[in-house]
Amino acid sequence: MKNQELSKIFFEMADYLEIEGVDFKPYAYRKVALSLDNWKEDVGEIYRSKGIKGLQEIPGVGEGIAKAIEEYLKSGKIKSLEELKKKLPLKVDELLRVESLGPKKIKVLYRELGVKDLKDLGKAAKAHKISPLFGFGEKTEQNILQGLEFLKRSKGRFLLGDIMPTVKIIEESLRARKEIKEVSVAGSVRRQKETIGDIDILVVSENPKKTADFFVSLPEVEKIWAEGSTKCSVRLKAGFDVDLRMVKRESFGSALQYFTGSKEHNISTRKIAIEKGLKLSEYGVFEGNPSTGSGRARQIAGATEEDVYKAIGLSFVAPEMREDDGEIQAVLNGSLPVLIKQKDIKGDLHCHTVASDGKDSIEEMVRSAMDLGYEYVGISDHTKFLGVTNGLDEKEILKQHKKIEELNAKFKKQNLKFRVLHGCEADIMLDGSLNAKDEILEKLDYVIASVHSGMKMEKKKMTARIIKAIKNRNVDIFGHPTGRLIGKRDEYQMDFDKILEVAKENGTILEINSSPLRLDLNGFNIRRAKTHGLKMIINTDSHNKEQLNLMEYGIGQAHRGWAEKADIINTLSVEKLLEFFK
DNA sequence: GCCGTTTTCGGCCCGACTGTTTTCAGTCG
């Protein structure tokens, strides 16, 4: 699939052209880069079957870019990019990641000091060669050094699951204040992106000074970057930055819409406003344009997000869907999905116990599941083959089975409407067989099959291996299907579309694993699976009772993947669920 | 370079802040 390669190339082109001072073309290249990144058909395939004309059907691809794609497919290179690189032999993408550096400054640094990459930049800054440059100064030099340090320390992004607990604590402390009337987290956290750069929190305060003082003195705060009556910026001890923004009540909705993003979604909504003769900014929706002499702009919406969307002729779009990836089109043609809600979830079927690598007993897991208001919980410890892992062998599974039967009998006697289901997480071996015998698997309520070894297998072999496993009639759920670990390990090499097809034929359910390290399937793949007509299940893969709470992250991805209640099977009652597995 | 319910030319989101200037360009979100 050349789509991602080409996407990267066009982003690079945009960066170089911006440094060259070219107007508007960077915008066009970025647009097509985003478009290609999300395009599901392989560009190479499109070109082979439909040629240049076919390429131009992709949004953002016109004559010029279609030719560039053709050139890349044929030669593996794009001449104009090679020329740009020759002219400016810079590591543009890495330099642009430094806070306070943009294309113009990068160009000056290269021309005057020969700075080509982060290493050169660090040397130049430490030697104080940057501050004397025209347009630069002491402060800029310091900012560059700080930016470099931040990049080194954090690589710029944090896992959603790592920052969420702290964000919630801060949100709650703000919510408890009397002078604060509204509180909401915005930004990529609100959109449930799997990694986060920094945090934006919006409030409406009747006493901004008091709120600011309170915020910067929170125990979580390590360092104060700025304190004012509209914005406070701090670095938390946990390592990431939080901006608190204080906005007027009448602008809270538009500010929330603006700060939630994504940038691309905002650009689209603002364009729609313009088409209707309106102006949308973080202050509200306005009609009348002072510059054309028709008097003062009049605010017609802004207090709530609902009003803002309504004023520009749209309806409310869930934050997780605001990626400018068809959501506005969906609003306009009335096909916006009704997203699954957390309270639709009736149980969690991926739970480990002390029997394999978990920390808590079945009883403890069950108790926590009951506390969450679930109607059932599924115990799914690892299985084992030849005693290699710490999984359960045949005898141990049967023993566990008996224990679960007893528990269910006890609940029935107590008139408790709660069911413990017995499943397992079987390993998909290198040849696609499972590490547990079919006679055992048959006895269980359900079986999750997952890959835990041989993850670097070559694409064809891996595809065949997985297909063999999901064709096993005892397999109900394909666990953490792509195997990626965010920021650490890529997805398995596999023909995922083919696997989705086979899963559809065999009624295999795909897991949405809620572990913040995995989020697998992620939003993008959830949408892909949904398009294939597949059913999914949101599980936590809990290894202790606290982890049952991770469900919210799976829900977040489900929202990003436009999943509805009907797409997710652990919204079913236990009777319907078991029927489904059968 | 792309695009069109103000269409085949003339636009391309919007506002604030920062650090550098002495009125503003560059950067950010």
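Remember, it's a predicted structure, so these values are computed and weren't measured experimentally.

Participant: Run through the pairing of strand β9 (residues 284–287), naming residues and quoting values.
Facilitator: In terms of strand pairing, strand β8 (residues 278–281) meets β9 through 4 bridges, oriented antiparallel. Along β9, the bridge assignment pairs L280 with V285. Count of turn residues in the β8/β9 antiparallel hairpin: 2 residues. Sheet topology places β9 next to strand β10 (residues 298–301); 3 bridges connect them, and they run antiparallel.

Participant: Please give an account of the sheet that holds strand β5 (residues 221–227) that cites residues and values.
Facilitator: The strand order across the open sheet formed by 5 strands is β2-β4-β7-β6-β5, and the pairing between neighbours is mixed. Either end of the sheet is taken by a strand with one partner, and the two such strands are β2 (180–185) and β5. Geometrically, the sheet is characterised by an average inter-axis angle of 20° between neighbouring strands, direction not taken into account. The sheet contact formed by strand β4 (residues 199–205) and strand β7 (residues 241–246) spans 5 bridges and is parallel. Across the sheet, L202 pairs through a bridge with R245, a residue of β7. Each of β2, β4, β6 (231–236) and β7 is contacted by helix α10 (residues 160–175), which is oriented at about 170° to β2, the strand it contacts most.

Participant: Mind laying out the domain arrangement of chain A, listing which residues take part and the relevant values?
Facilitator: Parsing chain A into structural domains produces domain 1 (3–153), domain 2 (158–246), domain 3 (267–332) and domain 4 (342–581). One C-alpha centre belongs to domain 2, the other to domain 4, and the line joining them spans 35 Å. The interface is formed by 11 residues belonging to domain 2 together with 11 residues belonging to domain 4. Buried area between domain 2 and domain 4, both sides added, is near 880 Å², and the carbon and sulfur share of it is 53%. Three residues, L159, Q192 and E194, lead the burial of domain 2 against domain 4; their summed loss comes to 58% of the area buried on that side. R484 serves as the salt-bridge partner of E194, at 2.8 Å between the closest nitrogen and oxygen. Taken together, the links from domain 2 to domain 4 amount to 4 residue pairs in polar contact (both at pLDDT 80 or more).

Participant: Tell me what's going on with the protein's contact with DNA strand B, and back it up with residues and numbers.
Facilitator: Around DNA strand B there are 39 residues in total, and G62, S100, G137, Y258 and R270 lie nearest to it. G60 has a polar backbone atom sitting 2.6 Å from a phosphate oxygen of DNA strand B. Within the side chain of K263, an N or O atom sits 3.2 Å from a base nitrogen of DNA strand B. Listed by contribution, the elements that provide at least two residues to the surface near DNA strand B are α2 (25–38), α4 (63–75), α7 (103–113), α9 (138–154), α14 (263–275) and β8. Looking at which element gives the most residues to the surface near DNA strand B, the answer is α14, with 6 residues. The class makeup of the residues in the surface near DNA strand B is 16 nonpolar, 10 polar and 13 charged.

Participant: How would you sum up the environment of E222? Please name residues and give values.
Facilitator: Tracing the sequence through the fold places E222 in strand β5. The class of E222 is partly exposed, set by a relative accessible area of 48%. Sequence separation between E222 and T531 is 309 residues; the distance between their C-alpha atoms is 46 Å. The contact partners of E222, leaving out residues within four places of it in the chain, are R235, L236 and K237.

Reading the values: the criteria
Residues numbered from 1 in each chain as written. Chains lettered and ligands numbered in written order. Predicted model: local features only at pLDDT ≥ 70, side-chain atom pairs only at ≥ 80, totals over all residues. Heavy atoms only, no water. Pairing = 2+ DSSP bridges. Helix = DSSP H or I, 4+ residues; strand = E, 2+ residues; numbered from the N terminus. Axes fitted to C-alpha atoms, helices over the stretch in contact; angles between N-to-C directions. Contact = heavy atoms within 4.5 Å. Domains from an automatic or database assignment. Buried area = accessible area lost by both parts, 1.4 Å probe. Salt bridge = Lys/Arg side-chain N within 4 Å of Asp/Glu carboxyl O. Polar contact = N/O pair within 3.5 Å; in protein donor to acceptor, adjacent residues only side chain to side chain. Near = heavy atom within 4 Å. Nonpolar A, V, L, I, M, F, W, Y, C, P; charged D, E, K, R; others polar. Buried < 20%, exposed > 50% of the residue type's maximum accessible area, 1.4 Å probe, protein only.

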